[in-house]
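# Chain and residue survey
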Amino acid sequence: MIKILISSCLLGNNCKWNGRNNGREIIMSIKDKVEFIPVCSEVLGGLPIPRIPSEIVGKRVINEINLDVTNQFLEGAEKVLQIAKENNVKYAIFKERSPSCGVHQIYNGKFKRIVKKGKGITTKLLEKNGIRVYSDEEIEMLIKHQID
Ligand code: SF4
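Summarised in this report is the structure supplied together with it. (Residues numbered from 1 in each chain as written. Predicted model: local features only at pLDDT ≥ 70, side-chain atom pairs only at ≥ 80, totals over all residues. Heavy atoms only, no water.)

## Here's the deal with the sheet that holds strand 1 (residues 2-7)
In spatial order, the strands read 2-1-5-8; together these four strands make up an open sheet with parallel pairing. Lying at the two open borders of the sheet, with one neighbouring strand each, are strand 2 (34-39) and strand 8 (132-135). Shown here is a sheet whose adjacent strand axes are inclined to one another by a mean of 30°, direction ignored. For strand 1 and strand 2, the ladder comprises six bridges, and the chain directions are parallel. Among the inter-strand pairings, S7 is bridged to a residue of strand 2, identified as V39. The strands touched by helix 4 (residues 121-128) are strand 1, strand 5 (91-94) and strand 8; relative to strand 5, the strand with the most contacts, the crossing angle is about 165°. (Pairing = 2+ DSSP bridges. Helix = DSSP H or I, 4+ residues; strand = E, 2+ residues; numbered from the N terminus. Axes fitted to C-alpha atoms, helices over the stretch in contact; angles between N-to-C directions. Contact = heavy atoms within 4.5 Å.)

See the structure below:
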């Protein structure tokens with residue numbers, strides 16, 4: 001069975017900054033065909049649930065009260081990479097627009113919910129290490145190419 005790393009919040013786990021989740025019906029529909037390995041890099045990096053939302057500002061990650069949480073994001077990303085390597089994972093499904101998990105888009109660093117082109121910290125690290133990361137908005141593509 002194909003192993004897929006997945007943003008834990010997409011599986012319905014309440015690890016989002018506001019203590020909620022991003023559960024998706026389509027993910028539930030393929031859960032018997034794949035082995036999901038849930039990860040939340042922000043929690044793995046030591047941030048609490050709930051937490052103050054963060055955005056990428058230049059090369060740093062800053063939260064809404066202006067605290068620098070870059071180190072926690074980097075540590076979480078390294079832990080996710082380690083989990084991926086231990087499990088020999090080649091694919092991931094990550095939550096679009098998150099400063100950790102975004103694949104094509106992130107928020108623009110002004111905390112106004114405006115998006116721009118860019119990748120989350122963990123996504124960048126995984127892609128650098130040869131893991132193909134799909135966003136949750138591309139699941140149909142992953143199913144077509146890798147699962148069916
Ligand atoms: S870091 Fe990723 S897995 Fe964790 S809540 Fe944010 S989007 Fe979901």
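## Brief notes about a nonpolar patch on the surface
A cluster of nonpolar side chains, contributed by I52, I65 and L67, occupies part of the molecular surface with about 270 Å² of accessible area. Mapped onto the fold, I65 is located in the loop between strand 4 (60-63) and helix 3 (70-86). Residue I65 is classed as exposed on the basis of its relative accessible area of 52%. (Patch = residues over 30% accessible without salt bridge, like charges linked within 9 Å, V, L, I, M, F, W, Y side chains within 5 Å. Areas by Shrake-Rupley, 256 points an atom, 1.4 Å probe, with all protein chains shown as cover. Salt bridge = Lys/Arg side-chain N within 4 Å of Asp/Glu carboxyl O. Buried < 20%, exposed > 50% of the residue type's maximum accessible area, 1.4 Å probe, protein only.)

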